[in-house]
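Summary of the model geometry
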Amino acid sequence: VGERYTVTIEDTNIFGNGVCHIDDLVVFVKGAVTGEACEIEISKVFPKYAYALCHNFIEKSHHRIAPACPHFEKCGGCSFSQVSQEFENEIKYNYVKSAFDKQHIEAEFVKTECPVSLKYRNKVVLFFDGERFGYMSEGTHRVVPHDSCLLNSSVFDSIAELTAKEFKNAPLRALYLRKSSHKDPEIMVCPVFYKPVDMLAYVSKLVAKFPNVKTVLYSVNKEKDFALENAKFKVIY
C-alpha cells in the first residue's frame, strides 16, 4: 500500500475500474480506461488482487469523455460517466459473453442497447446526510449530496427535496423510491428512519403535490447494515 507504479490499462471491468497487472497480481484502478498509460498508487492489497488510484495520466484513452456530472469522481452512484456510450455498451456485452465462456456454454449473443442514456432509473435508494439526499461515496459510508442526478427520474429529485425539508431534524436515514414504466407512472415512496416518527403530515403533503404517488411505505432500521437489509415495511398509504 502506498507504492507507485507506471502501468498500461488492459481492460475496463463492469464496475468502471481499469484492469492491469503488476507481476502476477491483478490490479483494479478506479476510473481508469482501457488503453491508458498512467501512474497509480496502490490503496488496498489482497492475496490475489489489489486496488489502486490514478495519480497521473501519461496517455488517455480515446474512449474517455468528460463526465457530465460534477459529482462523478466522488459519488458512487454510477460507474461509466467517464467513457462513451458506445464503449459502455461494449464493456457490458463482453461481461455477459465472458460469463457464458467461463462456464463453457456456447451461445449466440445479440446486442440490445437502451434507447436512452439519461433519466432512466426507475428505482433508487438515496441516503440522508442530515440536510440533503445523495449517494454514498464508493467504499465508504459518506454521503455525497446532490440536488439532481442525471440518471434518476426527475420526479425522484423533487420527492427527495420535499422529504428532506419535512424531516430535516428527524432521524431520517434513507429514501427508497420506485416508479412504474407506464405513460402515467405510479410511484412508491419509502423513507427509512433510525427511530419511529409521525408520517401523517408528510404523507398528506406528498400525495397532494405528487398525485402519481400511489403507495407510501415506512421503515425503521437501526442496524448498521445497508438501509434496506432486513428492513420491515409498514404501508401508510
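Treat the numbers as computed from the prediction; the structure is a model and nothing was measured. (Residues numbered from 1 in each chain as written. Predicted model: local features only at pLDDT ≥ 70, side-chain atom pairs only at ≥ 80, totals over all residues. Heavy atoms only, no water.)

This part takes up the sheet that holds strand β7 (residues 123-128). Sheet architecture is open: seven strands sit in the order β9-β8-β7-β10-β11-β12-β13, paired in mixed fashion. Since the sheet does not close on itself, it has two edges, and those belong to β9 (143-145) and β13 (233-235), each with one partner. Ignoring strand direction, the axes of neighbouring strands in this sheet form an average angle of 35 degrees. Bridge count for strand β10 (residues 172-179) against strand β11 (residues 187-193) is seven bridges, and the pairing is antiparallel. Of the residues in β11, the one forming a bridge with Y176 is C190. (Pairing = 2+ DSSP bridges. Helix = DSSP H or I, 4+ residues; strand = E, 2+ residues; numbered from the N terminus. Axes fitted to C-alpha atoms, helices over the stretch in contact; angles between N-to-C directions.)

With that settled, consider helix α3 (residues 200-209). Buried within α3 we find Y202, V203 and L206. Projected onto a plane normal to the axis of α3, the buried residues spread over an arc of 95 degrees and lie on a single side. Seen from the buried face of α3, the exposed residues on the opposite side, beyond 90 degrees, are L200 and A208. Its buried side turned inward, α3 meets α2 (154-166), β10, β11 and β12 (213-220). (Buried < 20%, exposed > 50% of the residue type's maximum accessible area, 1.4 Å probe, protein only. Arc of directions from axis to C-beta. Contact = heavy atoms within 4.5 Å.)

In this section: the sheet that holds strand β1 (residues 4-8). If you walk across this open sheet you meet the six strands as β1-β5-β6-β4-β3-β2, and the pairing is mixed. The open sheet has two edge strands, β1 and β2 (11-12), and neither has a second partner. Here eight bridges tie strand β5 (residues 37-45) to strand β6 (residues 49-59), and the two strands are oriented antiparallel to one another. Its bridge partner lying in β6, I40 is registered against C54.

This paragraph deals with the pattern of salt bridges. Scanning the model with the defined rule gives nine salt bridges in all. R64 is the salt-bridge partner of E36, the closest N and O atoms lying 2.6 Å from each other. With E36 in the loop between β4 (25-30) and β5 and R64 in the loop between β6 and α1 (85-102), the pair connects residues that are 28 residues apart, well separated along the chain. Of the charged contacts in the structure, one is a salt bridge between D157 and K119, with a shortest N-O distance of 3.4 Å. In this pair, D157 sits in helix α2 while K119 sits in the loop between α1 and β7, placing the two residues 38 residues apart along the sequence. Because the salt bridges share partners, they merge into one network encompassing R4, E39 and E41. (Salt bridge = Lys/Arg side-chain N within 4 Å of Asp/Glu carboxyl O.)

So yeah, pure geometry; function would need other evidence.
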